[in-house]
Amino acid sequence: MSSTAHDLPVVTHPSAGTTPLGTPRNEAAARHLWGHFTDQSGWSEGRLPTVVRAEGHYFWDSAGRRIFDGLSGLFVVQAGHGRVELAEAAARQARELAFFPVWGYAHTPGIDLAERLALAAPGDLDHVFFTTGGSEAVETAWKLVKQYWALQGKPLKRKVISREGSYHGTTHGALSLTRITSYQEPYTPLVAGALQVPNTNWYRSDPQFWHDEDAYAQWLADQLEQVILAEGPDTVAAFFVEPVQNSGGCFVAPRGYFDKVRAIADRYDVLLVSDEVICAYGRTGGLFASVDQGYVPDVITSSKGLTSGYSPIGAVLVSDRVYEPFRDGTAVFRHGYTFGGHPVSAAVALANLDIFEREGLVEQVQRQGPAFKATLERLFDIPIVGDVRGSGYFYGIELTRDPHTRERFSDAEADTIRAFLNPALYEAGLYVRADDRGDVVIQLAPPLTSTQEDFDHIESILRDVLVRLAQRLE
Ligand SMILES: Cc1ncc(COP(=O)(O)O)c(C=O)c1O
């Protein structure tokens, strides 16, 4: 690569005014605001943007730049920014009943949302346990499956399986399922009993599978079965799987994969947990992604898009079978969160689902998703674009040294490319993410209200930046 660190694009971000105490906000951030997964030196060096407002598909930063939100915040803002009716739903609920827990009591928006989700969920996943976010949902699901199996007289069934490179959250249990070494290492020991199987990264699979989807699906299923057999089926409680794996770069499952996974889960009494924290609520083209990917899990974990981000909530949906031992009071799930199912968030979620129905957002994603993909595929004429994959409004574009051989960039090159891409795209007016957890993949997840005009806008910015990147790499 011809470029060096000092000729990488640098976007500087002016301070977003002063705090009420008169401190320039960049300074106050550097001193007091601890960003998540954030290199804190970025505040004082002016490398981190401060977002000041948003409307529709765009947000504005403290420099007055207008940026297309190509990631829906963080796979969250399904209905777009600035929806007054969601703000009003929150205000109405806060005036009526701002807070009450769902511990031994219920509140009306909590009941109404649970019913609405249960009716929309696949199969008999009719029971809803609320959390405040995705990690808590995953944590909840793991604890629940342990207790479920203990109540079935199988107390040794406690281990859980997830897929290589997957992200399931950051709390200790969820982090144990998150198979990203750099995220886990500083926090060991983690929760014992988390096992790993290969993910569905078909593009980087053994070349024998590149043109044989069925054989790839069978190989993946065999790997899962082998892990269960090696550990002993009597010790394995659940398999956690995303409908489309985000981390690593939008890995869609090969045809037949989920049928095989479901069959293996049933054969060995392993519960299937569909982690839909990203994929649910329209992202991949169904209200629940397991529906559009064609399988019925035993448990669904969800969060992000349920309120389009106007207030935080998570929801774990559970089948009749798993709920059964808790139904008549012989067993109690001794687990909960003060803010789980917060009334304001539940009211916002209901209003958000009203928007989904009124505006046909799920149908829009189903109808327009292929056009979004086709628009991104126009980038194949740029010699470093290797793969475009995903589903609905959720895509990854993988960059490669040579699209014919799929040659990888070296680690050093990949780091430099990422350091180039994020600021260059931002400067050009597009907020997306160059995934830093594997090969170089640009992740895209625009609001579900996006149309062809937006796809074209995204493509033209990507084209401009990727052409410049390809030239630097020559
Ligand atoms: C699949 C998946 N599970 C769980 C989580 C954790 O969610 P949260 O950040 O709300 O705790 C995420 C977050 O991105 C996720 O993508």
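Rules used in this analysis
- Residues numbered from 1 in each chain as written.
- Predicted model: local features only at pLDDT ≥ 70, side-chain atom pairs only at ≥ 80, totals over all residues.
- Helix = DSSP H or I, 4+ residues; strand = E, 2+ residues; numbered from the N terminus.
- Rg over C-alpha atoms; globule rule 2.2 N^0.38 Å.
- Buried ≥ 20, exposed ≤ 12 C-beta atoms within 10 Å, placed from the backbone.
- Contact = placed C-beta atoms within 7 Å.
- Pairing = 2+ DSSP bridges.
- Axes fitted to C-alpha atoms, helices over the stretch in contact; angles between N-to-C directions.
- Domains from an automatic or database assignment.
- Expected span 1.5 Å × (residues − 1).
- Parallel < 35°, antiparallel > 145°, perpendicular 65-115°, else oblique.
- Left-handed = near helix turned anticlockwise from the far one by under 90°.
- Nonpolar A, V, L, I, M, F, W, Y, C, P; charged D, E, K, R; others polar.
- Near = placed C-beta within 6 Å.
- Arc of directions from axis to C-beta.

1. Considering the overall build of the protein chain
Here's step 1: The helix and strand inventory of the protein chain stands at 16 helices and 17 strands.
Here's step 2: The globule rule puts the C-alpha radius of gyration for 474 residues at 23 Å, and the 22 Å found for the protein chain is close to it.
Here's step 3: Across the 474 residues that make up the protein chain, the buried fraction comes to 47%.
Here's step 4: Residue pairs at least 24 apart in sequence account for 71% of intrachain contacts in the protein chain once pairs closer than 6 positions are excluded.

2. Focus: the sheet that holds strand β10 (residues 271-275)
Here's step 1: Within the open sheet, the 7 strands sit side by side as β4-β12-β11-β10-β7-β5-β6. Their pairing is mixed. The strands lining the two open edges of the sheet, one partner per strand, are β4 (127-131) and β6 (194-197). Direction aside, neighbouring strands of the sheet carry axes that sit 20° apart on average.
Here's step 2: Alignment of strand β5 (residues 159-163) against strand β7 (residues 236-241), held across 3 bridges, turns out to be parallel. In the strand pairing of β7, K159 is matched with V236.
Here's step 3: In the packing of helix α6 (residues 134-151) onto the sheet, contacts are made with β4, β5, β7, β10, β11 (299-302) and β12 (314-318), and the angle to β12 comes to roughly 25°.
Here's step 4: Along the sheet, helix α9 (residues 213-231) makes contact with β5, β6 and β7, crossing β6 at roughly 150°.

3. A closer look at the environment of V11
Here's step 1: Mapping V11 onto the fold places it in the segment before α1 (25-32).
Here's step 2: Note on V11: 18 C-beta atoms within 10 Å, which makes it partly exposed.
Here's step 3: For the pair formed by V11 and A30, sequence separation is 19 residues and the distance between their alpha carbons is 17 Å.
Here's step 4: If we ignore the near neighbours within four places in the chain, the residues touching V11 are P423, Y426 and E427.

4. Examining the sheet that holds strand β1 (residues 51-55)
Here's step 1: Across the sheet, which stays open at both edges, the 4 strands sit in the order β1-β2-β3-β15 with mixed pairing between neighbours. The open sheet has two edge strands with one neighbour each: β1 and β15 (430-431).

5. Remarks on the domain arrangement of the protein chain
Here's step 1: Segmenting the protein chain into domains produces domain 1 (49-78 + 361-473) and domain 2 (84-359).
Here's step 2: Placing a centre on the C-alpha atoms of domain 1 and another on those of domain 2 gives a separation of 26 Å.
Here's step 3: In this complex, domain 1 contributes 29 residues to the contact, which on the side of domain 2 involves 24 residues.
Here's step 4: The set of elements that each furnish at least two residues to the side of domain 1 that touches domain 2 consists of α3 (72-75), α14 (361-377), β13 (385-391), β14 (394-399) and β17 (441-444).
Here's step 5: For the side of domain 1 that touches domain 2, the leading source of residues is α14, giving 5 residues.

6. Observations regarding the pairing of β7
Here's step 1: Counting buried positions along β7 yields 6 of 6 residues, so the element is predominantly enclosed.
Here's step 2: By the bridge criterion, 4 bridges tie β7 to β10 in an arrangement that is parallel. Looking at β10, one finds that A238 is bridged to L271.

7. Here we look at helix α13 (residues 343-359)
Here's step 1: An ideal rise of 1.5 Å per residue puts 24 Å on 17 residues; α13 measures up with 24 Å between its terminal C-alpha atoms.
Here's step 2: For α13, the set of buried residues is P343, V344, S345, A346, A347, V348, A349, A351, N352, L353 and F356.
Here's step 3: Among the structural elements, α4 (84-97), α5 (108-120) and α14 are those in contact with the buried residues of α13.
Here's step 4: G360, located one to two residues past α13, shows a positive phi value of around 60°.

8. Section: the environment of R83
Here's step 1: Mapping R83 onto the fold places it in the loop between α3 and α4.
Here's step 2: Look at R83 and you get buried, because 21 C-beta atoms sit within 10 Å.
Here's step 3: The sequence separation of R83 and N352 amounts to 269 residues, and the corresponding C-alpha distance is 9.4 Å.
Here's step 4: Ignoring any residue separated from it by four or fewer positions in sequence, one finds R83 in contact with S308 and I355.

9. Let's talk about the packing of α9 against helix α10 (residues 257-267)
Here's step 1: At a minimum axis distance of 9 Å, the contact between α9 and α10 shows a crossing angle of 20°. Taken together, the axes of α9 and α10 lie roughly parallel to each other. The way α9 lies across α10 gives a crossing that is right-handed. When α9 is examined against α10, the residues A217, L220, A221, L224, E225 and I228 are found in contact with a partner set consisting of Y257, K260, V261 and I264.
Here's step 2: Taken together, the residues of the contact of α9 with α10 sort by class into 8 nonpolar, no polar and 2 charged.

10. Observations concerning the site of the ligand
Here's step 1: Around the ligand sit 13 residues, and of these G133, G134, S135, G169 and V277 come closest.
Here's step 2: Considering each element in turn, the shell around the ligand owes the most residues, 3 residues, to α6.
Here's step 3: Looking at the shell around the ligand, its residues break down into 4 nonpolar, 7 polar and 2 charged.

11. Some points on the pairing of β4
Here's step 1: Among the 5 residues that make up β4, 5 are buried, leaving the element largely enclosed by the rest of the structure.
Here's step 2: Residues H127, F129 and T131 point to one face of β4 and V128 and F130 to the other, with burial holding for every one of them.
Here's step 3: Summarising the sheet, β4 and β12 pair through 5 bridges and their orientation is antiparallel. Within β12, the position partnered with T131 by the bridge is G314.

12. Quick look at α9
Here's step 1: Helix length check: α9 (19 residues) gives 28 Å between terminal C-alpha atoms against 27 Å at 1.5 Å per residue, within 8%.
Here's step 2: Within the span of α9, buried status applies to Y216, A217, L220, A221, L224 and I228. The buried residues of α9 occupy an angular sector of 135° when projected down its axis, which confines them to one face. Of the exposed residues in α9, the ones pointing more than 90 degrees away from its buried face are D214, Q226, L229 and A230.
Here's step 3: Elements that come into contact with the buried residues of α9 comprise β6, β7 and α10.
Here's step 4: Note on α9: the residue one or two positions beyond its end, G232, has a positive phi of about 100°.

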